Amino acid sequence: MTSQAPSVAAFMASVNPSAVSHSGNDAEAVKIAAELREVVRNAANNAPRSLQVHLGPSELGVECDRQVVHKLTGQPDTNHVVDPWPSVVGTAVHAWLADALTAADPARWIAENRVTPFEGHAGTADLYDARNQRVIDHKCLGSTTHDKLRTQGPPRHYYVQLLLYALGYIRAGYVVNSIAIAAWPRTGSSLAGLYVWHHTITPEDWVLIDQVLTETNRRKDYAALVQAGQLGLDQVPRTPSGGCYFCPAYRPESAHDGGPGCPGQNTPK
Ligand code: SF4
């Protein structure tokens, strides 16, 4: 009796069985996924940005004193709930956009330029549009944060970050009349999801930046006291908010185990 070749459908079913877990279609695939994840997690955790004690424009506008003092005093991060993937995707998108924009018109677009709004607080500004004298920051946002930007405008630390980049450009001799956030969708699959928030700079904006400078000096004073052992980090005033989940000092268990970290929103510590 002659053996019959399997049909294409039967062959495909044999090499493509349904998933054995959400990570892969067989045990080896699950192992490959675990190894790849581990490499990404280690690389993200050891990226230069994560190891810096330097306080840049993206952090100066944070509302919570304790979050900033945590960073200034070089405390180990206690937040192990945030997944590194959004930041990996964001870094890759930033690099791609910088290449694409400068290739399209190098006289108009200046990408990834180091600027210094205040001594000791330099940062890399995503984009300057020389034609419109505008600073633009790319944000690669998940759907919840993207929707919030659309409906409520930017949170304070985004707004301050943009003004500080603008100030850095002004101090370097450029004219800056307006700021914008280009919010690229991290989820979804269409460029139609790009949302831009734009603001023309007013004199009141520089009043806000003066306040941020005063606030930063106060936080440096707290940091000096913590480092001298005269103040516990848990005695530094805090401002819990929806941003606690992303704070490096966040550790919800600290509300009841007495260990390090800050329990975040709606908790008594
Ligand atoms: S978890 Fe929230 S309240 Fe605590 S330090 Fe961070 S931002 Fe501040």
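These lines cover the structure that appears in this document, whether it is placed above or below.

Cut-offs and rules
Residues numbered from 1 in each chain as written. Predicted model: local features only at pLDDT ≥ 70, side-chain atom pairs only at ≥ 80, totals over all residues. Heavy atoms only, no water. Helix = DSSP H or I, 4+ residues; strand = E, 2+ residues; numbered from the N terminus. Buried < 20%, exposed > 50% of the residue type's maximum accessible area, 1.4 Å probe, protein only. Contact = heavy atoms within 4.5 Å. Areas by Shrake-Rupley, 256 points an atom, 1.4 Å probe, with all protein chains shown as cover. Polar contact = N/O pair within 3.5 Å; in protein donor to acceptor, adjacent residues only side chain to side chain. 1 Å grid on protein atoms, 1.4 Å probe; cavity = no way out; pocket = protein on both sides within 12 Å on 5 of 7 lines; lining within 4 Å. Points joined across faces, edges and corners; volume = space filled by probe spheres on them. Nonpolar A, V, L, I, M, F, W, Y, C, P; charged D, E, K, R; others polar. Near = heavy atom within 4 Å. Pairing = 2+ DSSP bridges. Expected span 1.5 Å × (residues − 1). Phe/Tyr/Trp six-rings, centres within 6.5 Å; stacked < 30°, edge-to-face > 60°. Salt bridge = Lys/Arg side-chain N within 4 Å of Asp/Glu carboxyl O.

## Looking at the overall build of the chain
So, point 1. Counting secondary structure elements, the chain contains ten helices and five strands.
So, point 2. Seen through its C-alpha atoms, the chain measures out along the principal axes to roughly 90 × 55 × 30 Å.
So, point 3. Counting over 269 residues, the chain shows a buried share of 37%.
So, point 4. Sequence-distant contacts in the chain: of pairs separated by 6 or more residues, those separated by 24 or more amount to 60%.
So, point 5. For the chain, the accessible area works out to roughly 15600 Å², and carbon and sulfur atoms hold 56% of it.

## Quick notes on the environment of Asp-65
So, point 1. Structurally, Asp-65 is set in helix 5 (residues 65-72).
So, point 2. Setting aside chain neighbours within four positions, we find Asp-65 in contact with Arg-218, Arg-219, Tyr-222, Val-236 and Pro-237.
So, point 3. Reaching out from Asp-65, the side chain makes a polar contact with the side chain of Arg-218 at a distance of 2.9 Å.

## Examining the layout of surface pockets
So, point 1. One number sums up the size of the second largest pocket: a volume of about 220 Å³.
So, point 2. Looking at the second largest pocket, it is lined by 14 residues, and the ones nearest its centre are His-70, Gln-75, Leu-233, Pro-260 and Gly-261.
So, point 3. For the lining of the second largest pocket, the residue count by class is five nonpolar, five polar and four charged.

## Considering the site of the ligand
So, point 1. Taken together, Cys-64, Arg-66, Gln-67, Arg-238, Thr-239, Pro-240, Cys-244, Cys-247, Cys-262 and Gly-264 are the residues near the ligand.
So, point 2. The residue inventory of the shell around the ligand, partitioned by class, reads five nonpolar, three polar and two charged.

## What about the pairing of strand 2 (residues 123-129)?
So, point 1. The buried fraction of strand 2 amounts to six of the seven residues, a majority that puts the element mostly inside the structure.
So, point 2. As judged from the six bridges shared by strand 1 (residues 109-115) and strand 2, these two strands associate in the antiparallel manner. Of the residues in strand 2, the one forming a bridge with Trp-109 is Asp-129.
So, point 3. For strand 2 and strand 3 (residues 134-141), the ladder comprises three bridges, and the chain directions are antiparallel.

## Things to note about helix 9 (residues 203-227)
So, point 1. For helix 9, spanning 25 residues, the distance from its first C-alpha to its last is 37 Å, which sits close to the expected 36 Å at 1.5 Å a residue.
So, point 2. All of the buried residues along helix 9 are Asp-205, Leu-208, Ile-209, Val-212, Glu-215, Thr-216, Arg-219, Ala-223 and Val-226.
So, point 3. Those residues of helix 9 that are buried lie in contact with helix 4 (57-60), helix 5, helix 8 (156-171) and strand 5 (195-200).
So, point 4. Gly-229 sits one or two positions beyond helix 9 and adopts a positive phi of about 75°.

## Details of the packing of aromatic side chains
Two aromatic rings, taken as a pair, are described by how far apart their centres are and by the angle between their planes.
So, point 1. Taken as a whole and assessed by the stated rule, the structure comprises six aromatic pairs.
So, point 2. For the pair Tyr-128 and Tyr-169, a centre-to-centre distance of 4.7 Å together with 20° between the ring planes defines the contact as stacked. Of this pair, Tyr-128 sits in strand 2 while Tyr-169 sits in helix 8; the two residues are 41 residues apart in sequence, bridging distant segments of the chain. In this structure, Tyr-128 and Tyr-169 share a single accessibility class: buried.
So, point 3. Where Tyr-245 meets Phe-246, the ring centres are 5.3 Å apart and the plane angle is 85°; that geometry is what we call edge-to-face.
So, point 4. Residue classification places Tyr-245 among the partly exposed residues on the basis of a relative accessible area of 41%.

## Remarks on the pattern of salt bridges
Oppositely charged side chains can form a pair if their charged atoms are brought close together.
So, point 1. Applying the stated criterion across every chain yields a total of eleven salt bridges.
So, point 2. With a shortest N-O distance of 2.9 Å, Arg-108 and Asp-129 are connected by a salt bridge. Of this pair, Arg-108 sits in the loop between helix 6 (85-104) and strand 1 while Asp-129 sits in strand 2, placing them 21 residues apart in sequence.
So, point 3. Classification of Arg-108 as buried rests on a relative accessible area of 19%.
So, point 4. On the basis of relative accessibility, which here comes to 1%, the residue Asp-129 falls in the buried class.
So, point 5. Here Asp-257 and Arg-251 are joined by a salt bridge, their closest N and O atoms 2.9 Å apart.
So, point 6. For Asp-257, a relative accessible area of 44% corresponds to the partly exposed category.
So, point 7. For Arg-251, a relative accessible area of 16% translates into the label buried.

## What to know about the side chain of Asp-65
So, point 1. Judged by its relative accessible area of 7%, Asp-65 falls in the buried class.
So, point 2. Polar contacts involving the side chain of Asp-65 include one to the side chain of Arg-219, which spans 2.7 Å.

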